[in-house]
Every structure is written in C-alpha cells, then in structure tokens.
Amino acid sequence: MNIDFNKGNGLVPVVIQDDQTLEVLMLGYMNQEAYDKTVSENKVTFFSRTKNRLWTKGESSKNYLHVKSMALDCDNDTLLIKVKAEGPTCHTGERNCFKTSYNHNFIFELQNIINERYDNPSEGSYVNKLRKKGLNKIAQKVGEEGVETVIAALAETETDLINEASDLMFHLLVLLREKNLNLEVIAKNLESRHK
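In this text the structure is predicted, and so the values were computed from the model without any measurement. (Residues numbered from 1 in each chain as written. Predicted model: local features only at pLDDT ≥ 70, side-chain atom pairs only at ≥ 80, totals over all residues. Heavy atoms only, no water.)

The next point concerns the packing of helix α4 (residues 135–155) against helix α5 (residues 158–178). When two helices pack together, you describe them by how their axes are tilted relative to each other and by the distance separating the axes. In contact at an axis separation of 8 Å, α4 and α5 are set at 160° when each is read in the N-to-C sense. What the angle tells us is that α4 and α5 run roughly antiparallel. Considering how the two elements wind past one another, α4 and α5 form a crossing that is left-handed. From α4, Leu135, Ile138, Ala139, Lys141, Val142, Glu145, Gly146, Glu148, Thr149, Ala152 and Ala153 reach across to α5, where they touch Asp160, Leu161, Glu164, Ala165, Asp167, Leu168, His171, Leu172, Val174, Leu175 and Glu178. (Axes fitted to C-alpha atoms, helices over the stretch in contact; angles between N-to-C directions. Helix = DSSP H or I, 4+ residues; strand = E, 2+ residues; numbered from the N terminus. Parallel < 35°, antiparallel > 145°, perpendicular 65-115°, else oblique. Left-handed = near helix turned anticlockwise from the far one by under 90°. Contact = heavy atoms within 4.5 Å.)

Looking now at the packing of aromatic side chains. The full count for this structure, using the stated rule, is 2 aromatic pairs. Here Phe46 and Trp55 contribute two aromatic rings whose centre-to-centre distance is 5.5 Å and whose plane-to-plane angle is 25°, an arrangement assigned as stacked. Taking NZ or CZ as reference, Lys43 lies 3.9 Å from the ring centre of Tyr64, over its face. (Phe/Tyr/Trp six-rings, centres within 6.5 Å; stacked < 30°, edge-to-face > 60°. Lys NZ or Arg CZ within 6 Å of the ring centre and 35° of its normal.)

Before going further, it helps to examine α4. Since the α-helix packs 3.6 residues into each turn, any two residues three or four apart lie on the same face. The end-to-end C-alpha distance of α4 is 30 Å, a good match for the 30 Å that 21 residues give at a rise of 1.5 Å each. For α4, the set of buried residues is Ile138, Lys141, Val142, Glu145, Gly146, Thr149 and Ala152. Projected down its long axis, α4 shows its buried positions confined to an angular sector of 140°, all on one face. Residues of α4 that are exposed and point more than 90 degrees away from the buried face comprise Asn136, Val147, Leu154 and Ala155. Each element contacted by the buried residues of α4 is listed here: α2 (106–119), α3 (126–133) and α5. (Expected span 1.5 Å × (residues − 1). Buried < 20%, exposed > 50% of the residue type's maximum accessible area, 1.4 Å probe, protein only. Arc of directions from axis to C-beta.)

Looking now at the UniProt feature "domain: Phosphoribosyl-AMP cyclohydrolase" (unreviewed entry) in the protein. According to UniProt, the "domain: Phosphoribosyl-AMP cyclohydrolase" (unreviewed entry) feature falls on residues 26–99. Regarding residues 26–99, the helix share stands at 14% and the strand share at 38%, and the terminal C-alpha atoms are separated by 10 Å. (UniProt positions renumbered as here; feature names shortened; annotations may be inferred.)

Moving on: the domain arrangement of the protein. For the protein, the domain assignment lists domain 1 (6–85) and domain 2 (105–194). Taking only C-alpha atoms, the centre of domain 1 and the centre of domain 2 are 34 Å apart. Counting residues at the interface gives 4 residues for domain 1 and 6 residues for domain 2. Of the roughly 370 Å² buried at the junction of domain 1 and domain 2 (both faces included), carbon and sulfur atoms supply 42%. Taken as a group, Gln20, Thr21 and Glu23 account for 98% of the area that domain 1 buries against domain 2, more than any other trio of residues on that side. One can count 0 salt bridges joining domain 1 with domain 2. If you look at where domain 1 meets domain 2, you find 0 residue pairs in polar contact (both at pLDDT 80 or more). (Domains from an automatic or database assignment. Buried area = accessible area lost by both parts, 1.4 Å probe. Salt bridge = Lys/Arg side-chain N within 4 Å of Asp/Glu carboxyl O. Polar contact = N/O pair within 3.5 Å; in protein donor to acceptor, adjacent residues only side chain to side chain.)

And the structure:
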C-alpha cells in the first residue's frame, strides 16, 4: 500500500471495523513501523500518542485484533482495517469504544455463536439438540416459526410478533449453518437480485 504518512506528521488514522458485523470498534493511529508490524504479525499494532511508542492492541488484555483485510482511502492517508476481535475492544470492557446502545449487527454475532456451537458442541446447548435431530427437524422448526410469525402479525401483539420473528430468524440461521451456508451468501444473492 502506498500510504501517505507525511500528511499527518508520520501518523495516519486507522478505523477498526468488525469483519463480520461491520461495526466500527475503534479509531487509532499508525506510523510506518506500526503498519509494518501489523502486516507481519497479522495483529493490529498502533502508535500510541500518549505512550509515545508502538502498542499492540491486546498486549496486556489479550483482546487482540486479528487482521482480516485492509483498505486505503482515496487520499492514501486513512486506513480501514477489518478484524476479528478477541473479546471486547475498548479498554473499559465495552464491545467498542463508542458505547453504542446495542449491537446493530447482532444477527451476525448470533451466526458466529451458532457456528461456535456447531464446531464445539456442548451438551446443554439448544443448537446442539437441534443439530442432533437432523436437517428435517431443523427445517420443520423454520416452518413452524414462519407460521407462528404470520399468526402473530395478523392476530397478536407487536411483542408477540417481535418474539416470533426472532425465533424464525434464529432457526433460519441454524438451518443455513446445517446446509453450510451463511448470511453473507444470502446478502450477496439479495444484492444481485436488487440490480
């Protein structure tokens, strides 16, 4: 990348974004050395303006930011780094440094939780119980929840509709995982159909 470190007296701002949810997690700064270390270790390293030194995010907390992709803006003076975050990003223990009231992209996080339950099944997990019953039962649950969502929309309260729609989304995510598909595939399909 042809990064212009000169505009900011040797530093460029770096926007950190969750690779799956696209949630903005934090803003930091890099100099050339921090960028080179980030590229070589595949973990985000910043130049700390308060400590006046390189600082790898997670060096004390172990909440590392693993690089998934990098993009340079049109002026070559700002980086966007998409990451897989280990634990909370903010030093306060919050999910991100902006203290948004809720995770706007929790559905992607839920997909990750379901994937984790598939990859590391635990006995008490509802996802594990569904998985053991097989594809037919999982598909049946999606159908049941779809019907319950329609009934709630036509004859029940808003709260009932929200609960049923949530159940439908959850079971649809499990069905997608059972078929080795994900939300990204669905989003790309929807985008292509929109054109």
